[in-house]
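Descriptive structure summary
Given next are the chains, with one letter for each unit.
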Amino acid sequence: LLSIADYLETGTAREIVARDIKPHNVIISPDNNVCLTDLELCTRGGTHTTAGRGTYAYMPPEQLYGSTPTAAWDRYAIAKTMEHLLNGKEPEHGKPVEINNGINAPLYLKRLLARMTATNPSQRYGSAQEISAELQKMKSNGKTQEGVSDWSLAVTKPAALAHPGTSLAIAA
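Here we summarise the structure given alongside this text. Here the structure is a predicted model, which is why all the values come from computation and not from measurement. (Residues numbered from 1 in each chain as written. Predicted model: local features only at pLDDT ≥ 70, side-chain atom pairs only at ≥ 80, totals over all residues. Heavy atoms only, no water.)

**A look at the packing of aromatic side chains**
The way to describe two aromatic rings as a pair is by their centre distance and the angle between their planes. For the record, the criterion: Pairing of aromatic rings covers Phe, Tyr and Trp, the last through its six-membered ring, and needs centres within 6.5 Å; plane angles under 30 degrees mean stacked, over 60 mean edge-to-face, and all others mean tilted. Any Lys NZ or Arg CZ found within 6 Å of a ring centre and within 35 degrees of that ring's normal is scored as a charge over the ring.
Under the defined criterion, the tally for this structure stands at zero aromatic pairs. Seen from the ring of tyrosine 125, arginine 115 lies directly overhead, with NZ or CZ sitting 4.0 Å from the centre.

Below you can see the structure in the form of structure tokens.
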């Protein structure tokens, strides 16, 4: 999923804010590429926007009130999408990610997602590259503080993304 944020922040799509990243708008191709669909709400970062456009459960609080669109909105929505995939249900709006469905999620993943959805935007990661670097740093340490050495976490896709026998992997 971070590949979506990375694409939107760099290259030909630089400065595009999708504004509606959620599980129903993400497709995993047969060759395991992550694709974003339903792009009618896309806008250029830094432009004025209509308040509240997007899906409530996945939008950061500042998007609800019509602030200037930034890539931070999409990174927040990606974390909320991960929360949905891990918990198997729609996340609560405006709250940091909480994994609570019995999955023994690594502490690093919980911390990463909580920072991606911090209530104060200035406390969130500044770019998709910063998030990826943090994941690589955690991976290079070999083990998390709780002793988990497996750096991937596979979860069953919700019905909107389901293809028989597939799963979405969150990995560094």
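Don't stop here, the text continues.
**What about the packing of helix 1 (residues 2-9) against helix 3 (residues 71-87)?**
In a pair of packed helices, the angle between the axes and the distance between the axes together describe the arrangement. Inclusion rule: In this analysis, axes come from line fits to C-alpha atoms, helices being fitted only over the stretch in contact, and the angle between any two N-to-C directions falls in the range 0 to 180 degrees. Secondary structure is summarised from DSSP: a helix means a run of H or I of at least four residues, a strand means a run of E of at least two, and numbering begins at the N terminus for each. When describing relative orientation, an angle under 35 degrees is termed roughly parallel and one over 145 degrees roughly antiparallel, while 65 to 115 degrees is termed roughly perpendicular and anything else oblique. Pairs of residues are marked as contacts when any of their non-hydrogen atoms sit within 4.5 Å. The nonpolar class holds Ala, Val, Leu, Ile, Met, Phe, Trp, Tyr, Cys and Pro. Asp, Glu, Lys and Arg form the charged class, and all remaining residues, Gly among them, are polar.
For the pair helix 1 and helix 3, interaxial distance at closest approach is 10 Å and the crossing angle is 170 degrees. On the basis of their axis angle, the class for helix 1 and helix 3 is roughly antiparallel. Where helix 1 abuts helix 3, its residues Leu2, Ile4, Ala5, Leu8 and Glu9 lie against Ala71, Asp74, Arg75, Ile78 and Met82. Residue composition of the contact of helix 1 with helix 3, by class: seven nonpolar, no polar and three charged.

**Overview of the side chain of arginine 75**
Inspection of the secondary structure assignment puts arginine 75 in helix 3. In contact with arginine 75, not counting residues within four places along its chain, are Ala5, Glu9, Met116, Tyr125, Gly126, Ser127, Ala128 and Ile131.

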